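For reference, the chains in residue letters:
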Amino acid sequence: MDRICDYNDCTGCALCTAVCPKSCISMKEGGLGHLYPVIDPASCIDCGACTGACPANSCRPGGRTSRAFSSPVSAYAAWAKDESEYMTSTSGGAASVLGRHVISRGGVVYGSAFCPGDPSEGRPFAVRHIRVENEAGLQKLKGSKYVQSSIAEILPSLKEDVRSGRLVLFIGTPCQAAAVRCMFGKRPENLLLVDIVCHGVPSLSFLTGYVKDNLHIPPENVLSLSFRGEDGFCMKIGGPEVSYSHRPLSGRRTEDLYYNLFMDAFTYRESCYRCLFAGDRRISDMTVGDFWGLGKDVPEHPYGVSLILPVSPAGENLVSALKDNMEIFGRPVAEAVSGNEQLRSPRHKSMRIKIFRKLFPVFGLKVYYLLVMDWIIRKRLASQTGIKTRI
């Protein structure tokens with residue numbers, strides 16, 4: 001067997017490595033540092049386990065898992081009643097409250113966490129999914145991470161937890177939730193899947209390379225990393241003798257280069273531009289994210305508001321469980337969809353993006369500024385004249 005799925009459809013979930021009976025699949029870096037499976041032909045027995053499990057194959061129309069998609073019939077705007085939880089979350093705290101609910105019932109939570117570097121061992125920072133079984137551990141899952149998290153390490157333990165009968169909550173991008181769903185034949189009743197509204201993902205390799213080469217910070221010295229906070233959309237890095245932050249994004253594209261490349265979709269996986277999971281038909285029990293486009297008739301919510309889209313009956317039951325700890329307001333599904341592009345379609349791979357991906361290996365990341373110079377000029381003119389311009 002020479003390939004598992006179309007290269008441009010691969011989401012990098014690494015489920016193929018987990019199901020391979022001969023352990024002959026490894027993940028190697030491809031374009032922009034994104035990870036792709038590579039098969040050792042000498043060990044492969046052509047059993048088809050990897051191709052059958054792969055979400056890029058099984059979630060396509062007619063695939064084994066294609067019937068798992070469903071559209072939400074209700075939508076909610078919500079935020080945590082606990083002020084400290086609300087203030088320390090990047091939207092309304094829905095994922096955190098969900099985690100506490102599952103742990104209170106003796107369950108475990110799998111979610112994305114920032115893992116600090118270790119200067120003594122020379123180990124760079126990482127972003128990967130971890131297993132949490134107490135409330136203290138949930139703090140590690142808070143915060144937005146504008147980079148692809150690795151789920152490869154937790155797939156075996158997640159499968160073991162599910163098979164033990166323990167309640168399991170998995171929170172991740174839609175393609176990651178699809179990978180977890182595809183790991184099982186019949187859908188386990190004790191597995192809850194929650195996906196986040198995802199716009200696309202840069203690779204961890206790209207982020208660590210940017211920190212090292214552009215910010216001149218050794219990745220092993222990065223002990224804290226955040227992408228959003230009280231200042232809004234702003235990347236902050238901390239560590240021994242290390243401190244970095246920039247002005248919150250204004251739309252001028254002159255702040256942090258990594259952040260602007262992310263916002264303008266220049267550094268996503270190829271699969272992100274043709275994502276099977278970017279639409280109003282969802283693969284999980286529930287979708288959560290920021291509620292953009294929220295109507296003005298909702299009470300004041302100074303620290304952000306969560307969008308909650310229950311999709312399955314299990315998702316509807318989760319909403320009922322959240323009501324004791326969250327302020328929840330029913331909203332039209334159409335309002336949520338109209339306010340969030342990723343609930344309608346994947347991000348478009350524009351000509352600018354295509355040109356950037358051709359030029360940056362030769363000219364470096366700053367070629368981005370040449371490609372968006374007209375945006376920068378128009379934004380500055382708008383700020384000076386007060387006349388709004390679309391970019």
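Look up: the structure comes first, before these words.
Here is what the cut-offs are and how they apply
Residues numbered from 1 in each chain as written. Predicted model: local features only at pLDDT ≥ 70, side-chain atom pairs only at ≥ 80, totals over all residues. Heavy atoms only, no water. Pairing = 2+ DSSP bridges. Helix = DSSP H or I, 4+ residues; strand = E, 2+ residues; numbered from the N terminus. Axes fitted to C-alpha atoms, helices over the stretch in contact; angles between N-to-C directions. Contact = heavy atoms within 4.5 Å. Buried < 20%, exposed > 50% of the residue type's maximum accessible area, 1.4 Å probe, protein only. Phe/Tyr/Trp six-rings, centres within 6.5 Å; stacked < 30°, edge-to-face > 60°. Lys NZ or Arg CZ within 6 Å of the ring centre and 35° of its normal.

(A) Local environment of the sheet that holds strand 4 (residues 108-115). Strand order in the open sheet made by the eight strands is 5-4-6-7-11-12-3-13, with mixed pairing throughout. One side of each edge strand has no neighbouring strand; the edge strands of this open sheet are strand 5 (126-132) and strand 13 (326-331). Sheet twist, expressed as the mean angle between neighbouring strand axes with direction ignored, is 25°. Bridge count between strand 4 and strand 6 (residues 168-172): three bridges; the pairing is parallel. Directly across from Tyr110, in strand 6, lies its bridge partner Phe170. In the packing of helix 8 (residues 174-182) onto the sheet, the strands contacted are strand 5, strand 6 and strand 7 (191-196), and the crossing angle to strand 7 comes to about 160°.

(B) Structural view of the sheet that holds strand 9 (residues 232-239). Judged by pairing direction, the sheet is antiparallel, and its three strands sit side by side in the order 8-9-10 without closing on themselves. Across the chains shown, the open sheet's two edge strands, defined by having one partner strand only, are strand 8 (224-229) and strand 10 (242-244). Taken pair by pair, the neighbouring strands of this sheet meet at an average axis angle of 10°, ignoring direction. As judged from the three bridges shared by strand 9 and strand 10, these two strands associate in the antiparallel manner. Among the inter-strand pairings, Gly239 is bridged to a residue of strand 10, identified as Val242. Where helix 9 (residues 204-213) meets the sheet, it contacts strand 8, strand 9 and strand 10, and its direction lies at approximately 65° from that of strand 9.

(C) Region of interest: the environment of Ser144. The residue Ser144 is located in the loop between helix 6 (135-138) and helix 7 (155-163) in this model. Residue classification places Ser144 among the buried positions, given a relative accessible area of 18%. With 50 residues separating them in the primary sequence, Ser144 and Ala94 have C-alpha atoms 13 Å apart. Ignoring any residue separated from it by four or fewer positions in sequence, one finds Ser144 in contact with Thr90, Phe227 and Arg228.

(D) Examining the side chain of His246 more closely. Structurally, the position occupied by His246 is in the loop between strand 10 and helix 10 (257-263). Apart from residues no more than four positions distant in its own chain, His246 is found in contact with Phe233, Cys234, Met235, Glu255, Asp256 and Tyr259.

(E) Quick look at helix 9. Residues of helix 9 that are buried include every one of Phe206, Leu207, Thr208, Tyr210 and Val211, and no others. Packed against the buried residues of helix 9 are strand 8, strand 9, strand 10 and helix 10.

(F) Seen up close, the packing of aromatic side chains. Overall, the coordinates contain 18 aromatic pairs when judged by the stated rule. With 5.6 Å between their ring centres and 70° between their planes, Tyr146 and Tyr259 make a pair best called edge-to-face. Of this pair, Tyr146 sits in the loop between helix 6 and helix 7 while Tyr259 is found in helix 10, placing the two residues 113 residues apart along the sequence. Note on accessibility: Tyr146 and Tyr259 belong to one class, buried. Between Tyr268 and Tyr273, the aromatic rings sit 6.0 Å apart at their centres with planes inclined by 25°, giving stacked as the arrangement. Here Tyr268 and Tyr273 have matching classes, each one buried. The rings of Tyr146, Phe206, Tyr210, Phe227, Tyr258, Tyr259, Phe262, Tyr268 and Tyr273 are connected pair by pair, giving a single aromatic cluster. Looking at Arg269, its charged tip hangs above the ring of Tyr36, at a distance of 4.4 Å from the centre.

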